[in-house]
Structure formats: C-alpha cells, structure tokens
Amino acid sequence: MRVIICGAGQVGYGIAERLAAEKNDVSIIDTSPDLIQTVRDALDVRGFVGHGAHPDVLEKAGAEQADMIIAVTFYDEVNIVACEVAHALFNVPMKIARLRAQAYLQPHYQDLFSREHLPIDVIISPEVEVGEMVLRRIALPGAMDVMRFADDKIAAVAIECLEDCPVINTPLGQLSQLFPDLPATVVGVSRAGKLFIPHSADQLFVGDIAYVVTTRDQVRRTMGLFGHEEQEATRIVIAGGGNIGLFVARTIEQKQARTKIKIIESSRDRAVAVADSLRRTVVLHGSALDQRLLMEADIHDAELMVALTNNDQVNILSSVMAKRLGCKSNLALINNPSFLDITKTVGIDATLNPGSVTVSRVLQHVRRGRIRAVQSLQRGGAEVIEAEALETSPLVGVPLRDLDLPDGMRIGAVYRDGGVIKPSGSLRIKAKDRVVIFALEKAVKQVEQMFRVSLEFF
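The shown structure was predicted, so the numbers you read here are calculated from the model rather than taken from an experiment.

K.L.:
With reference to specific residues and values, describe the sheet that holds strand 15 (residues 304–307).
P.N.:
Spatial strand order, 14-13-12-15-16-17: six strands in an open sheet with parallel pairing. The strands lining the two open edges of the sheet, one partner per strand, are strand 14 (282–285) and strand 17 (350–352). For this sheet the average axis-to-axis angle between neighbouring strands, irrespective of direction, equals 15°. Contacting strand 12 (235–239), strand 15, strand 16 (329–333) and strand 17, helix 5 (residues 126–139) runs over the sheet at an angle of about 165° to strand 17.

K.L.:
I'd like a rundown of the UniProt feature "domain: RCK N-terminal" (unreviewed entry) in the chain, residues and numbers included.
P.N.:
Per the UniProt record, the feature "domain: RCK N-terminal" (unreviewed entry) sits at residues 1–124 and 233–352. When the span residues 233–352 is considered, its composition is 38% helix and 22% strand, and the gap between its end C-alpha atoms is 18 Å.

K.L.:
I'd like a rundown of the pairing of strand 18 (residues 371–377), residues and numbers included.
P.N.:
By the criterion of burial, strand 18 is predominantly enclosed, with six of the seven residues buried. When strand 18 meets strand 19 (residues 382–388), the two strands line up antiparallel, connected through six bridges. When the sheet's bridge partners are listed, Ser376 is paired in strand 19 with Glu383. Connecting strand 18 to the antiparallel partner strand 19 that follows it, the hairpin turn spans four residues, and Gln378 within it adopts a positive phi of roughly 45°.

K.L.:
Hey, could you go over the environment of Gly50 for me, with residue numbers and the actual values?
P.N.:
As for its placement among the helices and strands, Gly50 is situated in the loop between strand 3 (46–49) and helix 3 (55–60). Of the residues examined, Gly50 reaches a relative accessible area of 14% and is grouped as buried. Sequence-wise, Gly50 and Val157 are 107 residues apart; in three dimensions their C-alpha atoms are separated by 41 Å. What Gly50 contacts, discounting residues up to four positions off in sequence, is Ile29, Asp30, Thr31 and Val57.

K.L.:
Describe the packing of aromatic side chains, listing the residues and the values that go with them.
P.N.:
Given two aromatic rings, their pairing is described by the distance between the two centres and the angle made by the two planes. Inspection of the entire model under this criterion finds two aromatic pairs. Plain terms: the ring middles of Phe74 and Tyr75 are 5.5 Å apart, the flat faces sit at 90° to each other, and that makes the pair edge-to-face. By the burial criterion, Phe74 is exposed, and Tyr75 matches it. Relative to Phe438, the ring of Tyr211 lies with its centre 5.6 Å away and its plane at 40°, an arrangement referred to as tilted. Taken together, the residues span a long stretch of sequence, with Tyr211 in strand 11 (residues 209–215) and Phe438 in strand 22 (residues 434–440) at a distance of 227 residues.

K.L.:
Break down the sheet that holds strand 3 for me, with residues and values.
P.N.:
The six strands lie next to each other as 3-2-1-4-5-6, forming an open sheet whose pairing is parallel. The open sheet has two free edges, formed respectively by strand 3 and strand 6 (122–124), since each of these has just one partner strand. With strand direction ignored, the average angle separating the axes of adjacent strands in the sheet is 15°. This element, helix 1 (residues 10–21), spans strand 1 (2–6), strand 2 (25–30), strand 4 (68–71) and strand 5 (94–98) of the sheet and lies at about 165° to strand 2. Those strands touched by helix 13 (residues 354–366) are strand 4, strand 5 and strand 6, and its axis lies near 170° from that of strand 6.

K.L.:
Talk me through the UniProt feature "domain: RCK C-terminal" (unreviewed entry) in the chain; I want residue IDs and the actual numbers.
P.N.:
The UniProt record marks residues 144–228 and 372–453 with the feature "domain: RCK C-terminal" (unreviewed entry), using the residue numbering of this structure. For residues 144–228, helix accounts for 16% and strand for 35%, while the C-alpha atoms at its two ends are 11 Å apart.

K.L.:
Break down the nonpolar core for me, citing the residues and quoting the values.
P.N.:
For soluble globular proteins, the rule of thumb is that nonpolar side chains tend to be buried together. Ile5, Ile15, Ile70 and Phe451 are the most contacted members of the largest nonpolar core, which totals 44 residues. Looking at which element gives the most residues to this core, the answer is helix 1, with five residues. In this structure, this core is formed jointly by two domains, domain 1 (2–124) and domain 4 (357–451), each of which donates at least three residues. Judged by nonpolar contacts, the second largest core, of 25 residues, contains Val130, Ile238, Val274 and Leu278.

K.L.:
Go over the packing of helix 5 against helix 8 (residues 243–255) with me, naming the residues and quoting the values.
P.N.:
For the pair helix 5 and helix 8, the least separation of the axes is 9 Å and the interaxial angle reads 50°. Judged on the interaxial angle alone, helix 8 and helix 5 are oblique. Crossing of helix 5 against helix 8: the hand is right-handed. In this structure, helix 5 contributes Glu127, Val128, Val130, Gly131, Glu132, Val134, Leu135 and Ile138 to the contact, and helix 8 contributes Asn243, Ile244, Phe247, Val248, Thr251 and Ile252. By residue class, the composition of the contact of helix 5 with helix 8 is nine nonpolar, three polar and two charged.

K.L.:
Tell me what's going on with the pairing of strand 14, and back it up with residues and numbers.
P.N.:
Pairing geometry for strand 13 (residues 260–265) and strand 14, over four bridges, is parallel. Bridge pairing links Glu265 to His285 in strand 14. In this region the chain leaves strand 13, passes through helix 9 (residues 268–277) and returns to the parallel neighbour strand 14; the handedness of that crossover is right-handed.

Calculation criteria
Residues numbered from 1 in each chain as written. Predicted model: local features only at pLDDT ≥ 70, side-chain atom pairs only at ≥ 80, totals over all residues. Heavy atoms only, no water. Pairing = 2+ DSSP bridges. Helix = DSSP H or I, 4+ residues; strand = E, 2+ residues; numbered from the N terminus. Axes fitted to C-alpha atoms, helices over the stretch in contact; angles between N-to-C directions. Contact = heavy atoms within 4.5 Å. UniProt positions renumbered as here; feature names shortened; annotations may be inferred. Buried < 20%, exposed > 50% of the residue type's maximum accessible area, 1.4 Å probe, protein only. Phe/Tyr/Trp six-rings, centres within 6.5 Å; stacked < 30°, edge-to-face > 60°. Core = buried A, V, L, I, M, F, W, Y, C linked by side-chain atoms within 4.5 Å. Domains from an automatic or database assignment. Parallel < 35°, antiparallel > 145°, perpendicular 65-115°, else oblique. Left-handed = near helix turned anticlockwise from the far one by under 90°. Nonpolar A, V, L, I, M, F, W, Y, C, P; charged D, E, K, R; others polar. Right-handed = clockwise from strand over helix to strand, strands pointing away.

Okay, structure coming up:
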C-alpha cells in the first residue's frame, strides 16, 4: 500500500514506523527539516520537507499513486486542506484526518466532511478517543487497559497478576474446568517485557500481564478471579482542564451523579471557561505540582488522580505527589513513549498514550479484509483485532481444533446474532460471525489474509 503521512511529530512518526515495518510504501511530509531528517535516519520511508497541504509537495510525495493520505499535523485546517487537495487533484481513495477542535465534530455539522463538501473518509479526534478510554479505565479500576469490541458486547482487558492473584501457578487449562460458566479466555501474556500466546499447560506468575477476552457483563467477575476487586472511584481529582479533562468531567456529571470531581487548571482563562461549562465540578486555578493546591483539592481523601495536562513531566510528578499525599491510585497521560518504561518504578499505577490510540484507529483502516476494529498493544508488539468472517474464509465451517492457525494468534470470542460465544475445539465459525483475535506482530498479516475476499469466490 502507498501511504502519504502529513506530519512527522510523535503520532506521524508512530504511524510511519508501524506501516514501514509492514513493508508499506510510506512517504512523510513535514515543515521541519529536523523531524524529516530524524525519520529518514530511523525508518525505511521517504521524507519530504514542505507544507502537507501544498499540491506540489503532495505531488513530489507520490500523491498520484497513493492509496491513502493520513493528515496528522498539529493544525486541523492543514489536515482538512491536505485531504481536500489529495481528493480534488490526485483522487486519493482513502483520506484520514486528525481533528482536535470539537467545533468540527458537533452532530449537527456531520455533513461537513461528506464527499460533496469536504471529502474526508475518516475523522480521528484524539481528545474524544482518549477521553473515552479514560472513562473506561475509571469504570473498571484495576485494569491496565480496557478495549471494547462487537457493539460493546465484548471486552478485552489487561490485568496485572499481583502476589494475591488467586490464579497464579495454576495451569490455564484448569480455569475452564474450575469456572465452566465464565466466558473468559486468556489470549496473551506479557512477561518481563515479552509477549507470547499461552497454551493450556502454561501458568501465570506474579508480575505477568494477562490479556483476557470476556463479555462486557462478566468483566468485573473476571477481574475478581484475578484478584482485582477495586471499587469504582467516586472522588476524583483531574489535573488539566483541556479538551480531554473537560470531556471526562462533563460525561461523568451526566452519567454518575454520586461522583465528585475537582479539576486543577493552570490557565486562569481556561479555568473560568471550564467552570462555566460544568455544573457540579469544582475548578481550581493553579499548578497541579503545588502541594497546597492539591491539599485544597482534598487529594488526601481522593480515590483517583487523573493527570491529563499537555506536559508529561507534570502528569508524572503530580500523580506521584498525589499518592504520597494520600490519594489511593493514579492514572497519567503520557505522550512521550520513552517515559512509559519508568512509570511503574516511580509509582504510576496506569498510563495512557494518545499516540497509540491514534495509531490503532489508523490501523483499522490500513488493515485489509473485513476488519472492524484494531487495538495496538505494547508499541505494536501485538494487536487485538475484530474481523468479520466471509464465506470464503478458511475459518468458516471447520471445527477450531482442526484449523491450522498460526502460532502467533488466539481467538478470544465470537459474536453471532447478538450473542457472545466462548471459543472451544468444537466451535465452527459461520459466515458473518465477528471474531475477536489476539495476534502477535508476526501473525497480523496472516490474520488479514483469513478475512479477505478470495478471488476464487468470483
């Protein structure tokens, strides 16, 4: 696939890194010579210094032959115009744009990006995507990651195995025997930084991160099985009143009347605007690193600190300070991937990386075949994929025990006619089933092939 990426920042670089690793033909454009030089030195891509919305720059980057343009510069208007130029002059089939301003995303403006007006096929809003992920983490404390699939009927959760985890040192095959009515499948394990697909004889150890696929209504029971029975926080302090913080607070106000929220915002004008936008949330003006302000926010009585500022250092340090002042747990937004490796050692319970959220949304449209959703894990080490089975798929009609599946994949659940089926050796997948799969990086291409239309069908 020939792809043009406009913007070589952290998100653009992350997308280019993934696509180049999968042998796609990638060109990346940015106005910064330094960023383009960094990309050229590190990745097997072509870099162009210039404005991503200018026709001559797009032409040099190969827009006439491009299958897709992904516009993820810092400026919404540049992203919009880049997609418009790619459509009008070069007829690029797929156009993806990242938009930050919520004004573009209002429901009554939904026709703005139609083919007749501004022809953008996919709009990615990092603020909304990350905000929804924050809300899922808040709703399911104890989970290191929460992913939803199949019309929100299937959940995939990452669970850390602590010392009091009831299922450690127990062969995974025994879990199905001990809990036959629990539709949960351990599809992947991360141990000492290495991801692998477990077999029935494998055991979980302290420190492992287990990736478990289950039904939405059985998530809490599954978490309890792994020793995580934390209660949902009802007293929350949010550092950062930007778009994400405001989105989270407003949603909680609308849906959880008993939850008390306090926001700390460093900009006085923004603090006033956020306070005017919310009804029950207390907004404090100042730095989240100010211990006196944290005490004023009753951090010692809070159950959760959510750090959502634009500054990674502020998010990390304020989260650490909050716990030392008595807050029970914390969740920090981390933009720089290099910081993710140290968060556990300094006392961060959970992190969110906006770049990985955006990359996952892009991959959903890059993947070939009937792919409905993709969630990238551990910097591309694995993906959880929801795909629709076609009549020509080699998965259809054969008992799972008789399928020659790649070593690097595991089926976690099947969604059929509004119900969720736990995979077993006798299960036969039918056409139009939606299958949730955990796939290591080496097996992703094979998974794609399983859900593509075969030429022999025609």
